[in-house]
Structures are given as C-alpha cells and as structure tokens.
Amino acid sequence: MLSILPQLIASGLLIGGVYALLSIGLTLIFGVLRIVNFAQGEFIMLAMFGAFWANTLLGIDPYLSALVVVPVIFFIGMLVERYVIQRILFAAHSMQIFATFGLSVLMQNLALTFWGPDYHSVTTSYTSESFTIAGLSLSATSLFAFIAAIVMAAGLIGFLHFTRGGRALRAMVQNRYAASLMGVDTKRLNRLAFGCGVGCAAICGCILTPMYYTFPTVGVDLIITAFVVVVLGGMGSVAGAVVGGLIIGVAQTLTGFYLSVEFKDVVALLLFIVILLIRPQGLFGRAGTEDIGMK
Amino acid sequence: MNDYYLNIIVMTFLWAALSGAWNLMAGYGGLVSLGQSAFFGIGAYTTAVLYATFGISPWLGLVFGVLLTTSTAVLISWPCFRLRGAFFSLATLVFPIVMEILANNWNSVTRGSSGIALPFKPSLENFIFESRWAYVLASFVLMMVVLGITQWIHRGRLGLYLIAMRDDQDAAESMGVEPVRIKLIITMISAALTSVGGFFYAQYILFLDPPSVFSINISVQIALFSLIGGLGTPFGPIVGSLIMTPLDGALSAFLGGGPRLLIYGGVLLAVVLVAPQGVVGTYTAWRKK
C-alpha cells in the first residue's frame, strides 16, 4: 500500500495542475473586480466546445485551436463585462451573485439547446500516451496541463509585478478612486481584467479537451473544484490558486485510493468548509478579503 | 377543472412557500443561500424513509423532518456565519452537493440512486389524498403560514434587526444587534419551513430520488421567484411564483427542459440588470412617486 505512495503523489500533483489551471482565471477576476464569477465554468465549457468542433469539423489539434478559441472568448468576455459586469460592479452582493449565476444558467442552456446533452470526446495521438520518469508514470495530457498552469501563473505574476499595466492594476485594486486620480483608466482595466480572466478559462478549456468529456454542464463539475481551490489558496492570489490546486489534487488522489472513490469529492468539500472556518482568507489571501465584495 | 391545471396551482403555492422561506434569509437577512435544496431534500427524505420503510405516519415524519432539518441547519450554517457576502453563498452551495453524494451512497436507508416510491394509500393519517383539491388546500395553507410569519417578522423587531444587519453588519453590531443570534434564528425558521415544503413534495409526488430533491436547480428556482417578485418584501415570492410557475408549466409543455432553463437564466439576468427590486419593489417605488 505504501510502495505506491510516490506514484499517487505524482498523479495527485498532475491533477492538481489541472485544478490550478481551472482556478487562475477565477482568482484573477475576483482579485481585480471583487466579483465571484459563477459563470467561469461556462467559459471553460465554451472553449471546450470550440476546441471540440475545431477538431471534429476541421481536424485541428485541440492545443493548436487555442490560437483561435482564446481570442474569441477573450472578446466575448469583454462584451460580457461591458453589458453585465460593469453594471453590477457596485451593486449589492446578492445582485452580483445572481447576475453571474444567471449568466451561468443562460450559457449552459444555450449550449444544451444548440449542441444537445451528449458527451463528446476528442482523441488525439497523445491522449493515452504517458512518460515514465524515475519509475513514475505520468500521463502526457496531465503533464502538459501541469506545465501550462505553472507557465500561466508565472506569466500572470510577472505581469502583475513587473509591468506598467500590472502596477496600474494593483494600484486600482488597492484604491480605485486614488488610482483614477493618478490617470489610471479604471474602466478599461476592468474590461481587460475580466477578458483576461475569461481568457485563462479558455486556455484551460482547450487543454482539458483531450483529457475530459465535453458536454454542456461540464462547467458545473469544474467550477465547484475551482471554488474549493481558490478559497483554499486565497481569493485573488494567483500563487494561492496553484498551491491550492496541488493540495486538493494530492488530497483527492490519496483519499480516492486509500478510502473510496465516492469520498474523493466529499474530502475536497470538507476541506473547503474547514478552510473557510479556520482561515477564511485562505492560505495566501490577506485577512479581510472575505469581507470585501459585501460592500 | 382537470388535474393538469390543479397541479400547476399546487406547484404555484408550494414554490411561493419555498421561495418565501428563502426570502426570510436572503431578502431580509442578506444571507444569500444557494443551498436551500439541502433543507428541502432532508425534509422530503425523512418522511419518505420513515413512511415507506418503517410505516411510520407522515405526520410524525413531518415532526422528525423539521427537527432533523433545523438541527442540521444549525450545525452546518453556524460556522458559515463568519463568512460574508459571496463567500457565504459559496459555502452554502456545497451543502446539497454533499447531501446528494450521501443520499446516492447510503443505500441501506435512502435506496441510493434508484429512489424511494411511497405506497399510494389515501387517508388523512397518511397525508395522501385521492383528490388534488386536498393538496391545493394544504399547499395554500403552507403558503399562508409562510406569508404570516414573514409579515410578523417584517413588522416586528426581528425584521428591523435583520434589515439593519443586512445593510451594514458592523453598524448594526455597534448598535447592539447580535448578528450570530439573529442569523441563527432566521436560518432555523427558514430551514424548518423549507423542510415542511419537502415533506409536502414527498407526499404529493410520492417518488424521490437524490437529484429530484437535492438538485441545484431547485435552489435556483427558489431564489429566482423571490427575485422576480421582489426581494425582502412579504408578497414578493408569491407574486414571483404566480407569474413564473404557470409560465414554467406552459413553457415546459411547449419547449421541453433545455430552452425552459434558458429562459430562466435570461430572466434572472434581465431582472438583475433592469429591475433589481422586482415586481413588488418596482410597483411600490412607482406608487410613491
């Protein structure tokens, strides 16, 4: 039972990479706009369908299709920000929840109406391939997702800390009014941040397509995990999303193996509640974050 | 009147009652729970299991269901009261998911995913009736009870505490309102009423399986009706249900499941963006002008 432990941890870390990938966009949007985007999972679903159709109709590799899918969804995200998010930015928190929740129900059922409830899968030459490194077997698609998550997180952290735009963004998070007095175009930054957050969801969707089923309600399955990860890591923290994702991934793999598969999800949800109770701001969040967004 | 229309009337009253119970927490207290279906499902399952498996009268099941739901509600929401705003909603979203996993896997009691069918033996003692008119009456009474409790809270001290806490918890606390106590009271009332709704559902539909009572769609529908009618008003949930339940019946007859929820999502978004005060709130504001 114990000899398999290194393999379990390795697989857990790879799954954790996928979870991190799910959560980075969500945490970015919360960090900047102070809005919990309940529709984030649906943007991932949209990207998965984009990659799926590109593969089925045109024979394009799902990873390659990201070059088209991501800009399209980025643009859709900007439109959503313009017509929905901007209007509720300073509304009561219940309205913010309902707006993004309504968006999620709407997108899910648009997909259901036009594309039907069927599960689709994309098979590529590397779908079932795996590498053996130091006696550990690592699946190619998970490894790629893991690497993508790390690169994406590093890129975002680099952008936030070392570029002019990133500094403006952080200034706006600290004090929206003061930042606008210093000449920061807060409206433009909001739109950009939401577009980027949703764009991260699109990248995630393209990477998930070869390893997961594509169906209209896939977002619901994914978003719950993403919430758990983001709350664990700290809402608004990109590094937190990565660490949180890895922890959940390992915890789930271990309980799945040593206890039972049914309890895999229960453990993650219990961890979620426990974290909310002991440290509501999460591992990397600043104290008080959980109060914000309530006006 | 044929059964199809009577069914829509029963559902209208039942949804008004469930939505009204949610409105107490969310509309007055600002506790936007997305997990009401957990309370609904526990109420439904308790009576169903006791009646179908052990032959215990649903009336006793009702009492047990309410007690079990209320104590579960206290146990799981108490810790969550530390969370505010969207974080509270996130935490409540988890309850029905855990309950559904539990109901699916606890085969010896809940019969897992195959569900529980309640034997149809009409009598007052079993709370099962031949005529749908009896259900119309019962659901109407339930709706009026919820309305009465809401009116009582709305006019009384508790309502003021709740609204003060919803609008600014820190200020309310400094004026001597005890947030945890108030939140606990309103959650217990809301959970108990939702549980009675679950009991009614089980006795009316006579079949339960985990997704039919713990589904997230139930929580969405409950919230949507209050929102359309007017959040934080006694009549809001009733107005919302009067508009939406018959519409929903007509839509599902013509369109089927997918497009129906499509319209739900669209309506939810439209209400938030165009008339966040709902029908009752907008009407009141218009009359005051």
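A quick note: this is a predicted structure, and the numbers were derived from the prediction, not measured.

A.B. asks: I'd like to hear about the pairing of strand β2 (residues 136–139) of chain A, residue by residue, with values.
C.D. replies: All names here are of chain A. Bridging between strand β1 (residues 130–133) and β2 involves four bridges; their strand directions are antiparallel. Residue pairing in the sheet places T132 in a bridge with S137 of β2. The hairpin turn running from β1 into β2, its antiparallel successor, is two residues long, and A134 in that turn takes a positive phi close to 50°.

A.B. asks: Before we move on, can you summarise unusual backbone geometry with the specific residues and values?
C.D. replies: In the Ramachandran plot, R34 of chain A falls in the positive-phi region, its phi being about 60° despite a non-glycine side chain. Within the fold, R34 of chain A resides in the loop between α1 (5–33) and α2 (40–58). For R34 of chain A, a count of 22 C-beta atoms within 10 Å puts it in the buried group. One non-glycine residue, L206 of chain B, lies in the positive phi region at around 65°.

A.B. asks: So what's going on with the confidence of the model for chain B? Which residues, and what values?
C.D. replies: Do not read the fine detail of predicted coordinates wherever pLDDT is low. Residues and elements named next belong to chain B. Looking at chain B, the pLDDT average stands at 86 and 98% of residues meet or exceed 70. Averaged pLDDT values for the elements of chain B fall to 79 in helix α13 (residues 257–274) and rise to 92 in helix α9 (residues 179–205). Reported for the predicted complex are a pTM of 0.85 and an ipTM of 0.79.

A.B. asks: Please provide a residue-by-residue account of the interface of chain A and chain B, values included.
C.D. replies: Across the contact, 37 residues belong to chain A and 34 residues belong to chain B. Going through the elements one at a time, α3 (62–88), α4 (93–115), α9 (218–233) and α11 (263–278) of chain A are the ones with two or more residues in the side of chain A that touches chain B. The element contributing the most residues to the side of chain A that touches chain B is α4 of chain A, with 16 residues. Residues of the side of chain A that touches chain B, tallied by class, amount to 25 nonpolar, seven polar and five charged.

A.B. asks: Please set out helix α6 (residues 132–155) of chain B residue by residue, giving values where relevant.
C.D. replies: With 24 residues, α6 of chain B ought to run about 34 Å at 1.5 Å a step, and its terminal C-alpha atoms sit 35 Å apart, in line with that. The set of residues buried in α6 of chain B consists of Y135, S139, L142, M143, V146, T150 and I153 of chain B.

A.B. asks: Can you break down the nonpolar core residue by residue, with the values?
C.D. replies: Generally speaking, soluble globular proteins have nonpolar side chains that are buried together. All names here are of chain A. Formed by 186 residues in total, the largest nonpolar core has its most connected members in L21, A47 and A202. When residues in this core are grouped by element, the largest group, 15 residues, is from α1. Residues contacting L21, with those up to four places away along its chain left out, are A145, A148, A149, M152, C204 and I207.

A.B. asks: So what's going on with the packing of helix α2 (residues 36–54) of chain B against helix α11 (residues 216–229) of chain B? Residues and values would help.
C.D. replies: Residue and element names in this part refer to chain B. Orientation of α2 relative to α11, taken along the N-to-C sense of each, is 115°, at an axis distance of 8 Å. Classified by the interaxial angle, the pair formed by α2 and α11 is roughly perpendicular. Between α2 and α11 lies a crossing whose hand is right-handed. On α11, the residues touching Q36, S37 and F40 of α2 are I216, I218, S219 and I222.

How each quantity is defined
Each chain carries its own residue numbering, running from 1 in the written order of its sequence. Chains and ligands are labelled sequentially in the order written, the chains with letters from A and the ligands with numbers from 1. Under the rules for a predicted model, residues below a pLDDT of 70 receive no local features and side-chain atom pairs below 80 are neither given nor counted, while totals for whole chains, interfaces and linings still include all residues. Here, any two strands with at least 2 DSSP bridges between them count as paired. Put simply, DSSP marks the helices as runs of H or I at least four residues long and the strands as runs of E at least two long, and each gets a number from the N terminus on. Three exposure classes are used. Buried residues have 20 or more other C-beta atoms within 10 Å of their own C-beta, exposed residues have 12 or fewer, and partly exposed residues fall in between, all C-beta atoms being placed from the backbone. On a scale of 0 to 100, pLDDT captures the predictor's confidence in every residue. By definition, residues are in contact whenever their C-beta atoms, placed on the basis of the backbone, come within 7 Å of each other. We call Asp, Glu, Lys and Arg charged. Ala, Val, Leu, Ile, Met, Phe, Trp, Tyr, Cys and Pro are nonpolar, and the rest, Gly among them, are polar. In a helix, the anticipated span is given by 1.5 Å times the number of residues less one. The term nonpolar core refers to a set of buried Ala, Val, Leu, Ile, Met, Phe, Trp, Tyr and Cys residues connected through C-beta atoms within 7 Å. Between N-to-C directions, angles cover 0 to 180 degrees, with each direction set by a line fitted to C-alpha atoms, over the stretch in contact for helices. Here roughly perpendicular refers to angles of 65 to 115 degrees, roughly parallel to angles under 35, roughly antiparallel to angles over 145, and oblique to all remaining angles. Should the near helix be turned anticlockwise from the far one by less than a right angle, the crossing is left-handed, and should it be turned clockwise, the crossing is right-handed.

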